[in-house]
Every structure is written in structure tokens, then in C-alpha cells.
Amino acid sequence: MLTIKSVYVGNENEAYIENRFRDGLNVVFSDDNHMGKTVVMQSLMYALGGYAGFPPSFNSEDYYHIVDFEVGGRFLSVLRRKDSFAIVQDEDVYIAENAAEFRDFWNSNISPLPMIIKDGRVHRVYLALFNQLFFVPQSDRSSSRTVNPGQYHKKDFTEMIASIAGASKRVLDEGETVRLKQRKEELRSARDRVLREMKAFNCEDGALSVISTVADAERRDKVFRKIENLQESIGLLQRERNKRHSKKLEYSNLLSELRSLKRAVGSGELVCLDCGGSNIGYRVPQSKMTFDVTTPKMRSSIERSVSDKIDACDDEVFRIDEEITSKQAELSRLLEGNNFTVREVMAYQGVAPDIAVLNKEFSNIERDLSDVDAALAASQEKDKAASSKYDELMFSIVSVMNDVYKYFGEDELKPYEKIMTPNDSPFKGSEETEYFLSRCYALEKILHHGFPIVIDSFRAEDLSTRREDGVLTAYKSLRNQVILTTTVKREEHNKYLEDPDINAIDYSSFQTRHILQPDYAPAFLDKLESFGVVLFAE
């Protein structure tokens, strides 16, 4: 179970700190718009690896975003600036230079992230997709697509859900299935060839390409296309491996520089914090976050962080090497499989082959073909079973989404048929609001993911009072922390304050569009200091 404790957003001049969250149901409200609720919710999820969905008037890159949370009895703090992260755990600082490194840290230290098949390859999802299980932003939300659909699509979202539940439809590796089918094709061709040799048939076969220019051109083009595809895949993998090697070298150099306190390296900079003095800092590329490494404790934390990155590079290089080796073996089989023997040519020229040898070869081919068919059949049975399990999972989620309507007194209403709607027919207005409230509730009830459910503007588009009361009743029944935001009418101001089961957080007294205030800056700078971050060196 992960529980949010505090959210910080600011810089050296102005900041805001929200530390009133509690376990259970939290409602952040105000009696006017533009009071900062969305800024706080977006900062929370942005710090946890989400997309930057801030209001247009708020330039998120001018600020640091921090979230404190508890998970499994451990307390962690995450700082984000642009696309760089720093994590404090047990007083140690880990630096993630980009979203990929933060994803890897999260997967290893906080919670395993699901794997999906994306673009034909196994892919561990980024937090930007994973967070959409339990976070609904105020804007850029639709029942027919993911948030910011440029990177991930709704197929990725549903496959992620299936992966979490152990119901992914992809059981056998796609490449292995392709190889089995190719092997079957080769064996069938070989069987036909042997039969022709035995029966002196003059039908078209691979060997015919030796004496037929038409057959040769057709077969050569097909083989060449396969070879080109494999070579392209191998080339991409080799380039990725080279990038990892280069990154490892940069980190190794950085580690040496940290230990010797030299001035500069490729992956980051050791900079003077006071123009030539003895204070030394480590500056992260891209975001330019700078960490004070003067103290041995902070320097040791950063050294451990860099050492972990080196290990991660080694692991990734090993994985890529294995994939390259597999594809190279497939390429070798393809190349070797197109070398025709003199005996094959002689068979087509009417020279009698050795029948005993052909009989043995035919028996071996039949046996191998039977083995391949059995493997493919087993794969298809597994695929059918996996597909059935996937369908059952999706049905269960949709059923619970529809069950939410019992809290509205509308037990017979079943508005949902799938987890997401078709592209051309998204829900609109209050129906969209009901959809996201139902989906977040159902995903927790089925997956038991244990993450806080955060819904910005949960009463959007005039959700009726009856439906709101039903939603609050449903969400109070969950074990998760729930954080909802809304704007209320003035006559409703005490609605949440008077409910003993709700932790009401009132933003009504804040200045419109100015939630960040200079008064919070000193405490915010103290929080930055716990990460070893200094601001005046940028």
C-alpha cells in the first residue's frame, strides 16, 4: 500500500507545501476556481513520473516538484525537475537522470512494473502509463484513449492491466512462434523435395531455383526480405548496445571523478558552487539540478547511485547481447537453409537418387514436422487459454464498473461494455465523469494495486448530488488512500468538513492563481537541502 504524505512545489522565491493528507478519503475543495488544486495534484503525479498536465498559466519547468510517501513501512521522498529525479530512501540519495532510470528504480525498489509487448518487443511500462491506473487529471482525459496518447495507446493500457493480473494474451514469445512456423515451412518444403526425388515429380520447389530463373527471382526476393529485416533488427540492437556501452563509460568516468573530486566528466559536471571555492557539486545534465557533494555522506550516496547505474548498463548490455545472438542464429539458419546440394539439382535433371537414403531422410523429416506441429498446437492451446483468461478479466472489470451504479440506486443500468470506448464515441459531460470514477474503483477492486486513487475535479460536468454521494460511499469502502478535488458552491462549504469519514482540505482562502507564496520558500529550501540540492549554482 502506498500512501501520500506531503507534496511540495516551488523554487527559491516561492513555494507551496501540502502536508494535510491522511489515510482514507481526502477531499481537497474550494469555493472558487483557479485556487491551486490542480497544480498540487499535477505536481504530485508529475513527481511520480506522470505527464506534465499543468494549467497553461503554470510553467512547471521553473519549479521543483517533491512528494513524500510511505510504502510497505518505508518512507521515501522523490524530487523531480524537468525529466530528472532524485530519490531519498533511508537517508541515501539516488539520482535518476531521466524517466527510464526512474522507472528502473521504481521497479527495483518500490513496486514491480508490468511488461507488455510494444512494437514487437517486450517493454516495461513507464510510470506515465502505469499511473493512469489510479490518476485522472482534470484535463486531457477521455474514455476512448490514454492521457497524452503519443507514447501509449489504449491497447497498451489494457495489455498493462492484463499483465498486472497475469492474464496477458501473449504466452509464447512472438519470435519463437515465427521461428516454429518458418521451421515448419522449411520441413514441408524438404518433405516435398524428397517425395519428388523419390517419385521423379517435376513440380516447383526450392531446388528448382537453381535451373529456373523465374523461380530463382521469386524465392530470392522473399529470402532477401527476411535477411534485410533481420539485419535491420540486429543493427538497431547493436546501436542500442553501443549506446549502453557509451553510457557505462560516462558513468565510470563520473565515478572516478567523484572519487577524486576532479572538475568535469561527460555524463555530468563537478562544478564549483562559489566560483573557485572548495564547495563542489554534481550537476545533472538536461535538468541542471545540482547536488552538493562536499560532505562525504552525500558524496557516498551519489557514488552508490552512479554504481547502480553502471550495474544497470551491464544488465541491459547482457540482455541485448542475448537478443542479438538469437537473431544472428536465425539469420545463419536462413542463409544456410538456401544452399542447395548437387543431389537436389541432379534429381531435377533425372538422375536417380539413392532410394534407401531418401527413405531415411523422409522419415526424419516426418518426425521433425510432427514435433513442430505439436509445439505449435500447444502454443495455440496456451494462446486460447490466455485469451479466455484475458476476456474473463476484462469482463470482470467492466462488471464492477457497472456495479458502481448500485450506489446511484440504478442497479439495472449497465452503461459499460468495455474498459475503454471506441475512438469515435467517447463519453461526454457527466457521463465521462461517472466513467472515470467507475473505472478507477473497478481497477482497484479487481487488481488490488494498492496505490492512492487521485481524481482531479471528481464532480466535473455537474455530477448530481445523488451520484456524488453514491461515489463517496463507494470510495469510502476501499482500503486505498483516495484524494479527490472539487469546486463547491458557497452554500456547500461545510459539506465535507462535517463528514467524519472525510479528511476535508479547504483551499477557499487562497489567493486566486497564486497558491505559491514566498512564506513557504524557507521550508521548501530546507526540503531541497535534504536531497543535497543547491539552487545558486545553476
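Reading the values: the criteria
- Residues numbered from 1 in each chain as written.
- Predicted model: local features only at pLDDT ≥ 70, side-chain atom pairs only at ≥ 80, totals over all residues.
- Heavy atoms only, no water.
- Phe/Tyr/Trp six-rings, centres within 6.5 Å; stacked < 30°, edge-to-face > 60°.
- Buried < 20%, exposed > 50% of the residue type's maximum accessible area, 1.4 Å probe, protein only.
- Salt bridge = Lys/Arg side-chain N within 4 Å of Asp/Glu carboxyl O.
- Helix = DSSP H or I, 4+ residues; strand = E, 2+ residues; numbered from the N terminus.
- Pairing = 2+ DSSP bridges.
- Contact = heavy atoms within 4.5 Å.
- Axes fitted to C-alpha atoms, helices over the stretch in contact; angles between N-to-C directions.
- Polar contact = N/O pair within 3.5 Å; in protein donor to acceptor, adjacent residues only side chain to side chain.

1. Observations regarding the packing of aromatic side chains
Line of reasoning, step 1. Scanning the model with the defined rule gives 24 aromatic pairs in all.
Line of reasoning, step 2. Note on Phe58 and Tyr63: the rings are 5.0 Å apart at their centroids and 10° apart in plane angle, and the pair reads as stacked.
Line of reasoning, step 3. Ring geometry for Phe427 and Tyr435: centres 5.8 Å apart, planes at 35°, overall tilted. Each member of the pair, Phe427 together with Tyr435, is buried.
Line of reasoning, step 4. Cluster of aromatic residues (ring-pair linked, three or more members): Phe69, Phe85, Phe102, Trp106, Phe130, Phe134 and Phe451.

2. Regarding the pattern of salt bridges
Line of reasoning, step 1. All told, the structure shown has 25 salt bridges when counted by the stated rule.
Line of reasoning, step 2. In this structure, Lys243 and Glu240 form a salt bridge, with 3.8 Å as the shortest nitrogen-oxygen distance. Of this pair, Lys243 and Glu240 both sit in helix 6 (residues 213–260), three residues apart, which is roughly one turn of that helix.
Line of reasoning, step 3. Lys243 gets classed as exposed once you look at its relative accessible area, which sits at 56%.
Line of reasoning, step 4. One salt bridge in this structure joins Glu468 and Lys495, with 2.8 Å as the shortest N-O distance. One end of the pair, Glu468, is in helix 11 (residues 465–476); the other, Lys495, is in the loop between strand 15 (482–487) and strand 16 (502–506), and 27 residues separate them in sequence.

3. Some thoughts on the sheet that holds strand 10 (residues 135–136)
Line of reasoning, step 1. Strand order in the open sheet made by the five strands is 10-14-15-3-16, with parallel pairing throughout. Every other strand in the sheet has two partners, leaving strand 10 and strand 16 as the edge strands with one partner each.
Line of reasoning, step 2. Note: strand 14 (residues 453–455) against strand 15, three bridges, orientation parallel. Looking at the pairing, Val454 lines up with Ile483 of strand 15.
Line of reasoning, step 3. Packing of helix 10 (residues 429–447) onto the sheet brings it into contact with strand 10 and strand 14, and relative to strand 14 it is tilted by some 175°.

4. A look at the side chain of His449
Line of reasoning, step 1. Of note, His449 is situated in the loop between helix 10 and strand 14.
Line of reasoning, step 2. Separated by 3.0 Å, the side chain of His449 and the backbone nitrogen of Phe451 make a polar contact.
Line of reasoning, step 3. For His449, the contacting residues outside a window of four places in its chain are Leu133, Phe134, Leu443, Glu444, Arg479 and Asn480.

5. Looking at unusual backbone geometry
Line of reasoning, step 1. Phi is positive for His34, close to 60°, though the residue is something other than glycine.
Line of reasoning, step 2. Here His34 shows up in the loop between strand 3 (25–30) and helix 1 (37–47).
Line of reasoning, step 3. Phi at Glu91 is positive, roughly 70°, even though this residue is not glycine.
Line of reasoning, step 4. With respect to the element layout, Glu91 can be found in the loop between strand 6 (84–89) and strand 7 (92–96).

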